[in-house]
Amino acid sequence: MSFSFQLYSARNFMPWADVIAKIAELGYTQVEGFGGVYEDPAAFKALLDQHGLSMPSGHFFPLSSCEDDFDASIKAAKTLGIEKIFCPAPDQELQNGATAADWQSYARRLHEVGKRVQDAGLAFGWHNHHWEFMPLADGALPMRILLEGAPDIEWEMDVAWVVRGGHDPLAWIAEHGARITAAHVKDIAPDGECEDEDGWADVGHGTMDWAGLTKALRDQGVTLFVAEHDNPSDVARFATRTIEAFRTY
């Protein structure tokens with residue numbers, strides 16, 4: 001089992017050299033990339049190597065980064081050692097007021113991008129937020145549209161966003177576990193707490209049953225777990241408390 005650290009969590013705590021040194025010091029052996037670290041892939045790979053870290057997965061956004069800028073994205077991924085590319089969010093126009101037809105069209109795009117990425121020797125998948133779990137006007141659920149319309153792509157489940165979308169993650173894990181190849185490990189604060197951090201909590205200090213969730217995910221074969229906090233006020237605190245908690249699960 002691998003425990004990684006999504007670097008998006010540390011975007012407000014630069015420079016990257018200090019962030020990477022701290023992550024390695026705490027015992028993380030892997031990180032997950034995002035657009036903020038792809039500007040000079042070779043230099044960032046050297047920084048990771050210096051601290052004994054690898055980057056098996058990365059977020060590429062928007063989806064057009066794997067369409068119009070396909071060659072550059074694949075080159076960056078391979079330079080950094082990324083094996084799994086995940087699109088981390090839908091385009092802006094899908095986040096509010098989209099129809100089932102809009103999501104179906106987007107699913108077709110995901111399917112085509114997935115084929116190209118797979119042909120290039122890498123895995124491709126989707127990373128959810130809450131939008132995908134909010135019923136459309138006709139009652140359709142975007143997440144089902146994406147899974148059905150792009151049947152060959154993987155799913156990196158952001159479990160806490162499933163909860164914020166009003167759904168039971170254990171039910172989705174049971175139903176779609178074969179598609180889930182990675183999972184984001186984040187926590188939700190009790191109502192009224194951590195409002196300066198958008199209601200997120202350090203893992204093990206919130207309301208999520210991560211002991212039960214990690215077991216359910218492992219039972220489905222998930223081996224890549226990624227720590228994330230969307231807006232920590234202290235990234236060192238988050239990283240420390242999270243890896244300490246996860247070691248007990």
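These notes cover the structure that comes with them. Note that the structure is a prediction, hence the values are computed from the model and not measured. (Residues numbered from 1 in each chain as written. Predicted model: local features only at pLDDT ≥ 70, side-chain atom pairs only at ≥ 80, totals over all residues. Heavy atoms only, no water.)

### Here's the deal with the pattern of salt bridges
- The tally for this structure, following the rule as stated, stands at 14 salt bridges.
- Across the salt bridge formed by Lys22 and Glu25, the nearest N and O atoms sit 3.6 Å from each other. Placement of the pair is Lys22 and Glu25 together in helix H1 (residues 16-26), with a separation of three residues, close to one helical turn.
- Exposure remark for Lys22: the relative accessible area of 31% places this residue in the partly exposed category.
- Judged by its relative accessible area of 61%, Glu25 falls in the exposed class.
- Between Glu228 and Lys186 there is a salt bridge, and its shortest N-O distance comes to 3.0 Å. With Glu228 in the loop between strand E10 (224-227) and helix H9 (235-246) and Lys186 in the loop between strand E7 (180-185) and strand E8 (187-188), this pair connects stretches of sequence that are 42 residues apart. (Salt bridge = Lys/Arg side-chain N within 4 Å of Asp/Glu carboxyl O. Helix = DSSP H or I, 4+ residues; strand = E, 2+ residues; numbered from the N terminus. Buried < 20%, exposed > 50% of the residue type's maximum accessible area, 1.4 Å probe, protein only.)

### Quick look at the nonpolar core
- By size, the foremost hydrophobic cluster in this structure holds 79 residues, and its most contacted members are Phe5, Leu7, Phe44, Met55 and Ile85.
- Examining the composition of this core, we find that seven residues originate from one element, helix H4 (residues 100-119), more than from any other.
- Those residues in contact with Ile85, other than ones at most four positions away along the chain, are Gly58, Phe60, Cys66, Ile74, Ala77, Val117, Leu122, Ala123, Phe124 and Gly125. (Core = buried A, V, L, I, M, F, W, Y, C linked by side-chain atoms within 4.5 Å. Contact = heavy atoms within 4.5 Å.)

### What to know about H1
- Within H1 the residues assigned to the buried category are Trp16, Val19, Ile20, Ile23 and Leu26. An end-on view of H1 places all buried positions within 130° of arc, on one side of the element. Turned more than 90 degrees away from the buried face of H1 sit Asp18 and Glu25, all of them exposed. (Arc of directions from axis to C-beta.)

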